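Letter by letter, the chains look like this.
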Amino acid sequence: MKRLEIILGDITKVETDAIVNAANKTLLGGGGVDGAIHKAAGPELLEECRRLNGCETGEAKLTKGYRLPAKYVIHTVGPVWRGGDHGEDGLLAACYRNSLRLAVEYGIKTIAFPSISTGAYRFPVRRAARIAISEILKFLNEDKSIEKVLMVCFDNEAFKAYEEALREMTSKA
Ligand code: ADP
């Protein structure tokens, strides 16, 4: 059984222990996947988020999942794409790494990620996919407590980019 799987779908419907939210620094909700997660989780999620005092780019914070099938939401803030020479790659990698670290801390066994930063934040999807897959594989190699990581893509372009990145990185080994 593969521990990392790419799927096409809506992350708010996924039944993993935790889902990751591509939030903004305020953690007070936004559009895209953030809006969809808040809508599905209900107003209690926003209430808990208000108490967190925001989140820095590349870092992650955890809340309950409320009306979502997932028990927890891990909120991480991806970098806004500013051309690629403002530390975007490192910050995006940190989002995946810090979310996974937090998951381990809470005993989470199954976790789903959206394609962080590739929507409103305009990070090029193929580049983002390589960073995400490489960081997740590296983490899974070192940590044995996480049983399943799902990359949940919302459209075909993202799905293809993540599939391709996974293929590239697993055929190299
Ligand atoms: P960011 O601000 O980090 O770019 P966005 O929410 O704008 O975040 O986009 C991140 C990715 O999430 C995009 O690829 C978008 O298509 C995707 N997305 C939007 N809604 C959902 C959803 N319900 N489930 C999974 N992915 C989603």
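Here goes a summary of the coordinates provided. In this text the structure is predicted, and so the values were computed from the model without any measurement. (Residues numbered from 1 in each chain as written. Predicted model: local features only at pLDDT ≥ 70, side-chain atom pairs only at ≥ 80, totals over all residues. Heavy atoms only, no water.)

**Quick look at the sheet that holds strand S3 (residues 60-64)**
Okay, so step 1: Pairing is mixed across the open sheet formed by six strands, whose spatial order is S1-S6-S5-S2-S4-S3. Of all the strands in the sheet, the pair left with one neighbour each is strand S1 (4-8) and S3. Neighbouring strand axes in the sheet, compared pairwise and without regard to direction, differ in orientation by 25 degrees on average.
Okay, so step 2: Sheet analysis places strand S2 (residues 18-23) next to strand S5 (residues 110-113), joined by two bridges and oriented parallel. Bridging across to S5, Ala18 finds its partner in Ile111.
Okay, so step 3: Those strands touched by helix H4 (residues 125-142) are S1, S5 and strand S6 (148-153), and its axis lies near 145 degrees from that of S1. (Pairing = 2+ DSSP bridges. Helix = DSSP H or I, 4+ residues; strand = E, 2+ residues; numbered from the N terminus. Axes fitted to C-alpha atoms, helices over the stretch in contact; angles between N-to-C directions. Contact = heavy atoms within 4.5 Å.)

**Digging into helix H3 (residues 88-105)**
Okay, so step 1: With 18 residues, H3 ought to run about 26 Å at 1.5 Å a step, and its terminal C-alpha atoms sit 26 Å apart, in line with that.
Okay, so step 2: Where H3 is concerned, the buried positions are Glu88, Leu92, Ala93, Ala94, Cys95, Tyr96, Ser99, Leu100, Leu102 and Ala103.
Okay, so step 3: Positive backbone phi, at 70 degrees, marks Gly107, one or two positions downstream of H3. (Expected span 1.5 Å × (residues − 1). Buried < 20%, exposed > 50% of the residue type's maximum accessible area, 1.4 Å probe, protein only.)

**What to know about the layout of surface pockets**
Okay, so step 1: Each pocket or cavity is described by its volume, and for the largest pocket that value is around 650 Å³.
Okay, so step 2: Every residue lining the largest pocket is counted, 28 residues in all, and those nearest its centre are Gly32, Val33, Ser115, Gly119 and Ala120.
Okay, so step 3: Looking at the lining of the largest pocket element by element, the count peaks at four residues for helix H1 (residues 32-41).
Okay, so step 4: Its residues assigned to classes, the lining of the largest pocket shows 14 nonpolar, 10 polar and four charged.
Okay, so step 5: For the second largest pocket, the calculated volume is near 150 Å³.
Okay, so step 6: Looking at side-chain class alone, the lining of the second largest pocket contains five nonpolar, four polar and three charged residues. (1 Å grid on protein atoms, 1.4 Å probe; cavity = no way out; pocket = protein on both sides within 12 Å on 5 of 7 lines; lining within 4 Å. Points joined across faces, edges and corners; volume = space filled by probe spheres on them. Nonpolar A, V, L, I, M, F, W, Y, C, P; charged D, E, K, R; others polar.)

**Focus: the environment of Val80**
Okay, so step 1: Among the structural elements, Val80 can be located in the loop between strand S4 (72-77) and H3.
Okay, so step 2: Residue Val80 is classed as partly exposed on the basis of its relative accessible area of 38%.
Okay, so step 3: Separated by 74 residues in sequence, Val80 and Ile6 place their C-alpha atoms 23 Å apart.
Okay, so step 4: Apart from residues lying up to four places away in sequence, Val80 is in contact with Glu88, Tyr121 and Arg122.

**Examining the pattern of salt bridges**
Okay, so step 1: A complete count under the given rule lists eight salt bridges for this structure.
Okay, so step 2: As a salt-bridge pair, Glu135 and Arg97 come within 3.0 Å of each other at their nearest N and O atoms. Here Glu135, found in helix H4, pairs with Arg97, found in helix H3; they are 38 residues apart in sequence, far enough to count as distant.
Okay, so step 3: Residues participating in the shared-partner salt-bridge network are Arg97, Glu135 and Lys138. (Salt bridge = Lys/Arg side-chain N within 4 Å of Asp/Glu carboxyl O.)

**Remarks on the site of the ligand**
Okay, so step 1: Around the ligand lies a shell of 15 residues, among which Asp10, Val33, Ser117, Gly119 and Ala120 are the nearest.
Okay, so step 2: In the environment of the ligand, an oxygen atom lies 2.9 Å from a nitrogen or oxygen atom belonging to the backbone of Ser117.
Okay, so step 3: Isolated, the ligand exposes 560 Å² of accessible area, and the fraction of that covered by the protein chains is 89%.
Okay, so step 4: Counting atoms within 2 Å of the grid points, the majority share of the ligand lands in the largest pocket.
Okay, so step 5: With three residues, H1 is the largest single contributor of residues to the shell around the ligand.
Okay, so step 6: Residues of the shell around the ligand, tallied by class, amount to seven nonpolar, six polar and two charged. (Near = heavy atom within 4 Å. Polar contact = N/O pair within 3.5 Å; in protein donor to acceptor, adjacent residues only side chain to side chain. Areas by Shrake-Rupley, 256 points an atom, 1.4 Å probe, with all protein chains shown as cover. Sits in = over half its atoms within 2 Å of the grid points.)

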